[in-house]
Amino acid sequence: MLIADDLDKLLQILPDFVRKPLEEHPSRKTLIEVVMDLGRRPEARFPEGPEYLSFRTISWQDLDSCTKRIGNFGEDNRSGIERTLHRISSIRNRKGNIVGLTCRVGRAIFGTISIIRDLLEKSQSLLLLGKPGVGKTTAIREIARVLANEMEKRVVIIDTSNEIAGDGDIPHPAIGRARRMQVTRPELQHQVMIEAVENHMPQVIIIDEIGTELEALAARTIAERGVQLVGTAHGNYLESLIKNPILSDLIGGIQYVTLGDDEAKRRGSQKSILERKAAPAFQVAIEIHQRHDWIVHEAVDQAVDQILQGSTLLIQRRTFKSSGSIDIICQQSISSNFSYQLHSNVKSKNLKQDISFKQPSIINYQDLEINPYFHKVNWLPNENKYKSYLAQIKNNHVRSKGIKKNILLYPYYINSQHIEFIITSLQLPIEVTKDILSSDVILALRSNVKQNTKLRQIAKSRNIIIYTVYNSTDSYITRALKQVLNMNQTLHINLQQLYESKERLNFDALTEVRIAIEKIVIGKKQSVELLSKLASLRKLQHQLIDSYNLRSRSFGKEPDRKLRIYPN
């Protein structure tokens, strides 16, 4: 990773008693900014913390000598040093006189965006979120260079405060072949954004610090014209952007929706809910919490919908290691407890999956490398888990060898004789029982089970799955019974024989199928795309998929041919 900072040019504008301690400081390469306030000691700020540079206090003459060595301050009280990335911001008193300076070091760090290089190649609009000083501007500066030089796209930068391409009329070399449009006044940034599209035919527009409603509207207008956007906004999490009424339009905006009685019952929610208003202007959102630790939302529309519905939000964390490698893991969002008051009863939102599945989750999400929105699963092998998993399969195989019993179903507010007639007609391995404690599953009318908290408590304590139907017609009951079989059936193939293969690749391929089916196809009712495999491994995967009574299809060309699994 190459760093260019031109630090000497910034030090030359400082008074001697401030400059000399910095020139000899062992941590000068990590200097963040220098703060000089009238009547106070000068202070240098490093990642480890602030340090005083001298016992001498700053005077009017010191501030005046500094301001004379730099350009004029704009209406946003910012200035810079020509052809550098440094930024000098001023603090003024009531009379307009400068009483403080913040001299922030600007660095061009090449190689910082290798962590999201794959996202840039998809030509989707990216929104970077993070608190001030975390490295958003440095990231979009490098993104501009990569898009312009390496991907050969027409890139235009809207540089409102000259922070991306530096001060002066000639832009800094760190932006590569990208072009820079300056903004005369900050409040005119939205006009320059539209002007860039209309006059200069860009393929990509880069905007720093989208902060007003007009700028958010301009970003949406640009996105609708088919231009790729890369922008930044202040906010630690995607949830904070949803709460922001000014910037929420960047991710589709939110609106109140009043549902009808039937639709509210079907969803299991209140009649007044919040929903996303439109398609987001940015398809990908990236939360930068630390310089080398980024959280990626590859499908902003799905993430926003999950947040508004109160669902658990899975995030993709990407970490840049010192060795140059990149770790990508999937985990539950630490801020996933975000919800609006309208969704306080989200626990009863989907009673069909209100109770956890009986099938035990053998493998934890922390052992996987998952893209939660594109559903590509990578198994991270571990020899101990492999052996224990084989032992568990053997034990399950031995236990299930002798006794084969039917699934016990407890009907609630549905005619049991009607259910028995359908079971007999279809010859299903299901028995109707009147004892709820001995049942494996419960089949109930959706409207009645919502009002019976005791039934849900019993089911939860006994780990019994509740299946709900809208009404008691033959089609609804038949569909529910088939779903019961899909979740509880015994596999038609010998798992022990499959998993005991001498080839370790067989284990990885079958484990990938089980995880994909249990977590995504059955759990989320969504199709999933597996990794490419050899023909022999795909044949084993097909057998395991068939045992779940699910559909699958191979596509692609060798050696990249892969499977896609579809829900029922």
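Quick look at the structure, then. (Residues numbered from 1 in each chain as written. Predicted model: local features only at pLDDT ≥ 70, side-chain atom pairs only at ≥ 80, totals over all residues. Heavy atoms only, no water.)

**Re the overall build of the protein chain**
Counting its secondary structure elements, the protein chain contains 18 helices and 28 strands. Counting across all 568 residues of the protein chain, residues that qualify as buried make up 50%. Contacts in the protein chain between residues far apart in sequence, at least 24 positions, make up 62% of those at least 6 positions apart. A total of about 28,500 Å² of accessible surface is found on the protein chain, and carbon and sulfur atoms cover 47% of it. (Helix = DSSP H or I, 4+ residues; strand = E, 2+ residues; numbered from the N terminus. Buried < 20%, exposed > 50% of the residue type's maximum accessible area, 1.4 Å probe, protein only. Contact = heavy atoms within 4.5 Å. Areas by Shrake-Rupley, 256 points an atom, 1.4 Å probe, with all protein chains shown as cover.)

**A few points about helix α14 (residues 453-461)**
Among the residues of α14, L455, R456 and A459 are the ones counted as buried. Projected onto a plane normal to the axis of α14, the buried residues spread over an arc of 95 degrees and lie on a single side. Turned more than 90 degrees off the buried face of α14, the exposed positions are K454, Q457 and S461. Contacts made by the buried residues of α14 are with β22 (407-412), β24 (441-445), α13 (446-449) and β25 (465-469). (Arc of directions from axis to C-beta.)

**Description of the packing of helix α6 (residues 189-200) against helix α7 (residues 213-224)**
Where α6 meets α7, the axes come as close as 8 Å, and the angle between the chain directions of the two elements is 15 degrees. In terms of orientation, α6 lies roughly parallel with respect to α7. For the pair α6 and α7, the crossing hand works out as left-handed. On α7, the residues touching Q189, H190, M193, I194 and V197 of α6 are L214, E215, A218, A219, T221 and I222. Among the residues making up the contact of α6 with α7, the classes are represented as seven nonpolar, three polar and one charged. (Axes fitted to C-alpha atoms, helices over the stretch in contact; angles between N-to-C directions. Parallel < 35°, antiparallel > 145°, perpendicular 65-115°, else oblique. Left-handed = near helix turned anticlockwise from the far one by under 90°. Nonpolar A, V, L, I, M, F, W, Y, C, P; charged D, E, K, R; others polar.)

**As for the pattern of salt bridges**
Applying the stated criterion across every chain yields a total of 27 salt bridges. Its salt-bridge partner being R28, residue D8 comes within 2.9 Å of it at the nearest N-O pair. Of this pair, D8 sits in helix α1 (residues 7-11) while R28 sits in the loop between α2 (16-23) and β2 (33-37), placing them 20 residues apart in sequence. For D8, a relative accessible area of 46% puts it in the partly exposed group. Look at R28 and you get partly exposed, because its relative accessible area is 23%. Note that R220 is salt-bridged to D249, the shortest N-O span being 3.2 Å. Residue R220 is found in helix α7, and its partner D249 is found in the loop between α8 (238-243) and β14 (254-258); the two are separated by 29 residues along the sequence. Taking the relative accessible area as the measure of exposure, R220 reaches 12% and is therefore buried. (Salt bridge = Lys/Arg side-chain N within 4 Å of Asp/Glu carboxyl O.)

**Quick notes on the nonpolar core**
The biggest cluster of nonpolar side chains holds 39 residues, and the ones touching the most others in it are I158, I205, L238, L250 and F282. Where this core is concerned, the elements lending two or more residues are β9 (126-130), β10 (155-159), α6, β12 (204-207), α7, β13 (228-234), α8 and α10 (300-309). No other element matches α10, which puts five residues into this core. What I205 contacts, discounting residues up to four positions off in sequence, is V156, I158, M193, A196, V197, I222, V227, Q228, L229 and V230. With 31 residues, the next largest nonpolar core counts L128, I140, I288 and V296 among its residues. (Core = buried A, V, L, I, M, F, W, Y, C linked by side-chain atoms within 4.5 Å.)

**So, the sheet that holds strand β7 (residues 98-104)**
Strand pairing in a sheet takes place through backbone hydrogen bonds and is either antiparallel or parallel in direction. One open sheet holds the six strands; their spatial order is β4-β3-β2-β7-β6-β5, and the pairing between them is antiparallel. Each end of this open sheet is capped by a strand with a single partner; those strands are β4 (49-52) and β5 (78-80). Averaged over all pairs of adjacent strands, the angle between strand axes in this sheet comes to 25 degrees, irrespective of strand direction. In this sheet, β7 lies alongside β2 in antiparallel orientation, the contact comprising five bridges. In the sheet register, E33 faces β7, and the bridge partner there is R104. The strands that helix α3 (residues 60-68) touches are β2 and β7; relative to β7, the one it contacts most, it runs at about 50 degrees. (Pairing = 2+ DSSP bridges.)

**Observations concerning unusual backbone geometry**
Positive phi values are uncommon outside glycine, yet M201 reaches one of about 50 degrees. Note that M201 resides in the loop between α6 and β12. We classify M201 as exposed; its relative accessible area is 58%. Look at E209: it is not a glycine, yet its phi comes out positive at around 60 degrees.

**Structural notes on the sheet that holds β25**
Sheet architecture is open: four strands sit in the order β23-β22-β24-β25, paired in parallel fashion. Two strands in the sheet have a free side with no partner beyond their single neighbour: β23 (430-432) and β25. Across the sheet, the mean angle separating the axes of adjacent strands is 30 degrees when strand polarity is ignored. Relative to β24, β22 runs parallel, the two sharing four bridges. Pairing of P411 across the sheet is with L443, part of β24.

**Focus: the packing of aromatic side chains**
Scanning the entire structure with this criterion turns up two aromatic pairs. Both rings, one in Y412 and one in Y413, keep their centres 4.9 Å apart while their planes meet at 70 degrees; by these two values the pair is edge-to-face. The exposure class of Y412 is buried, given its relative accessible area of 14%. Ring geometry for Y470 and Y476: centres 6.3 Å apart, planes at 35 degrees, overall tilted. Owing to a relative accessible area of 41%, Y470 belongs among the partly exposed residues under this scheme. Judged by its relative accessible area of 30%, Y476 is partly exposed. A cation sits over an aromatic face here: R41 above Y52, 4.1 Å from the ring centre. (Phe/Tyr/Trp six-rings, centres within 6.5 Å; stacked < 30°, edge-to-face > 60°. Lys NZ or Arg CZ within 6 Å of the ring centre and 35° of its normal.)

**Concerning helix α18 (residues 535-547)**
The α-helix winds at 3.6 residues per turn, so residues separated by three or four positions along the chain end up facing the same way. Its 13 residues place the ends of α18 19 Å apart at the C-alpha level, agreeing with the 18 Å of an ideal helix rising 1.5 Å per residue. Where α18 is concerned, the buried positions are L537, R538, L540, Q541, L544, I545 and S547. The positive-phi residue at the C-terminal boundary of α18 is N549, with phi of around 60 degrees. (Expected span 1.5 Å × (residues − 1).)

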